[in-house]
Amino acid sequence: MAAIGVFDSGVGGISVLREIRALLPHEDLYYLADSRHAPYGPKPESYIVERSVACCEFLLAHEVKAIVVACNTATAAAVKTLRARCTLPIIAMEPGIKPAVAASRNGIIGVLATSGTLSSARFSALLQQYSGAAHIITQPCPGLVEQIEQGELHSPRLQSLLQRYLAPLLEAGVDTIILGCTHYPLVRAQIQALAGPAVQLIDTGPAVARQVQRVLREHHLLAPGEANGVERFWTSGEPAQAHEVLRQLWGEVEVAPMVASPGNAG
């Protein structure tokens with residue numbers, strides 16, 4: 001009956017939380033937004049590992065039964081460390097290179113992601129393993145996470161950033177775009193409107209939710225289907241700011257401050 005813990009550098013993991021909730025309505029979900037330290041993308045790998053460990057320790061202190069790293073950058077930098085330190089199941093993100101290659105009609109694929117994800121060894125390995133003959137065009141998106149963190153989901157500034165980052169991909173003729181950061185599905189409608197209906201968007205959130213379900217079933221950890229699960233939210237940033245953003249993304253919720261546990265790097 002323990003909860004599933006989910007963390008991200010900020011509110012981006014809400015896109016994954018939505019998918020988990022839709023698939024597993026009876027599970028309790030604990031969500032931690034490390035917004036004080038967002039975005040992770042441009043920060044050194046050692047810093048991202050430190051923050052990821054702190055987030056895991058916080059969730060472990062709340063006795064979760066599994067942890068979802070709902071952040072591509074944290075996955076790339078820290079998932080090996082987290083799995084070495086933690087005996088609980090750790091489910092992580094992966095940019096959707098494989099499904100994008102399968103879905104693309106012309107073999108020209110764009111990737112929107114943070115600089116941290118795009119420069120990681122994990123991403124390079126995925127490209128080598130799955131890209132095949134496809135032409136993969138990567139596009140870092142500085143500033144986009146910050147706009148979403150501020151709740152500026154429909155602002156002129158957000159629209160300008162999306163236009164700037166999509167332009168080279170569309171000019172290259174991509175027919176498929178990977179949303180390689182969990183923040184980006186939160187503005188999926190805006191991206192789709194700019195890209196046009198002929199361009200497919202690949203979001204791995206649903207696949208992560210299915211993986212959570214599989215892992216919990218394998219470990220006999222699925223909650224009994226008797227009552228709807230509840231959600232709890234924490235942030236390392238300002239609870240009032242997080243509340244305003246989460247109200248847009250999830251609904252009316254309470255957001256508590258992240259308080260570091262003993263030995264936590266928080």
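The model shown is predicted, which means the values in this text are computed figures rather than measured ones.

A.B. asks: Please clarify how the packing of aromatic side chains should be interpreted in this entry.
C.D. replies: Pairs of aromatic rings are described using the distance from one ring centre to the other and the angle between the two planes. Applying the stated criterion across every chain, the model contains four aromatic pairs. Both rings, one in Phe58 and one in Trp234, keep their centres 5.4 Å apart while their planes meet at 75°; by these two values the pair is edge-to-face. Placement of Phe58 in helix H2 (residues 45-61) and of Trp234 in strand E9 (residues 231-235) is noted, with a sequence separation of 176 residues between them. Here Phe233 and Trp250 contribute two aromatic rings whose centre-to-centre distance is 5.9 Å and whose plane-to-plane angle is 65°, an arrangement assigned as edge-to-face. Of the two residues, Phe233 sits in strand E9 while Trp250 sits in the loop between helix H11 (239-249) and strand E10 (255-257), which places them 17 residues apart along the sequence. The class for Trp250 is partly exposed, based on a relative accessible area of 24%. Of the aromatic side chains, those joined through ring pairs into one cluster are Tyr30, Phe58 and Trp234.

A.B. asks: Explanation requested: the environment of Gln159 in the structure shown.
C.D. replies: Position of Gln159 relative to the elements: it lies in helix H8 (residues 156-171). As for Gln159 and Leu194, which are separated by 35 residues in sequence, their C-alpha atoms are 9.0 Å apart. If near-sequence neighbours (up to four positions away) are discounted, Gln159 is found in contact with Gln190 and Leu194.

A.B. asks: Which parts of the structure should I look at to understand unusual backbone geometry?
C.D. replies: Generally, phi is negative for residues other than glycine and the peptide bonds are trans, each holding for most cases. Across the junction of Ala38 and Pro39, the peptide omega takes the value -5°, indicating a cis bond. You will see that His220, though not glycine, has its phi angle at about 55°, which is positive. Here His220 is to be found in the loop between helix H10 (205-218) and E9. Note on His220: relative accessible area 74%, which makes it exposed.

A.B. asks: Would you take a moment to explain the packing of helix H1 (residues 14-23) against H10 for this structure?
C.D. replies: The geometry of a pair of packed helices is captured by two quantities: the angle between their axes and the separation between those axes. It is at 8 Å that the axes of H1 and H10 come closest, and there the two elements cross at 50°. As summarised for this structure, H1 and H10 are arranged oblique, according to the angle between their axes. Regarding H1 and H10, the two cross each other, and that crossing is right-handed. Of the residues in H10, those touching H1 at Val16, Glu19, Ile20 and Leu23 are Gly205, Pro206, Val208, Ala209, Arg210, Val212 and Gln213. For the contact of H1 with H10, the per-class residue count stands at seven nonpolar, two polar and two charged.

Quick notes on the rules
- Residues numbered from 1 in each chain as written.
- Predicted model: local features only at pLDDT ≥ 70, side-chain atom pairs only at ≥ 80, totals over all residues.
- Heavy atoms only, no water.
- Phe/Tyr/Trp six-rings, centres within 6.5 Å; stacked < 30°, edge-to-face > 60°.
- Helix = DSSP H or I, 4+ residues; strand = E, 2+ residues; numbered from the N terminus.
- Buried < 20%, exposed > 50% of the residue type's maximum accessible area, 1.4 Å probe, protein only.
- Contact = heavy atoms within 4.5 Å.
- Axes fitted to C-alpha atoms, helices over the stretch in contact; angles between N-to-C directions.
- Parallel < 35°, antiparallel > 145°, perpendicular 65-115°, else oblique.
- Left-handed = near helix turned anticlockwise from the far one by under 90°.
- Nonpolar A, V, L, I, M, F, W, Y, C, P; charged D, E, K, R; others polar.

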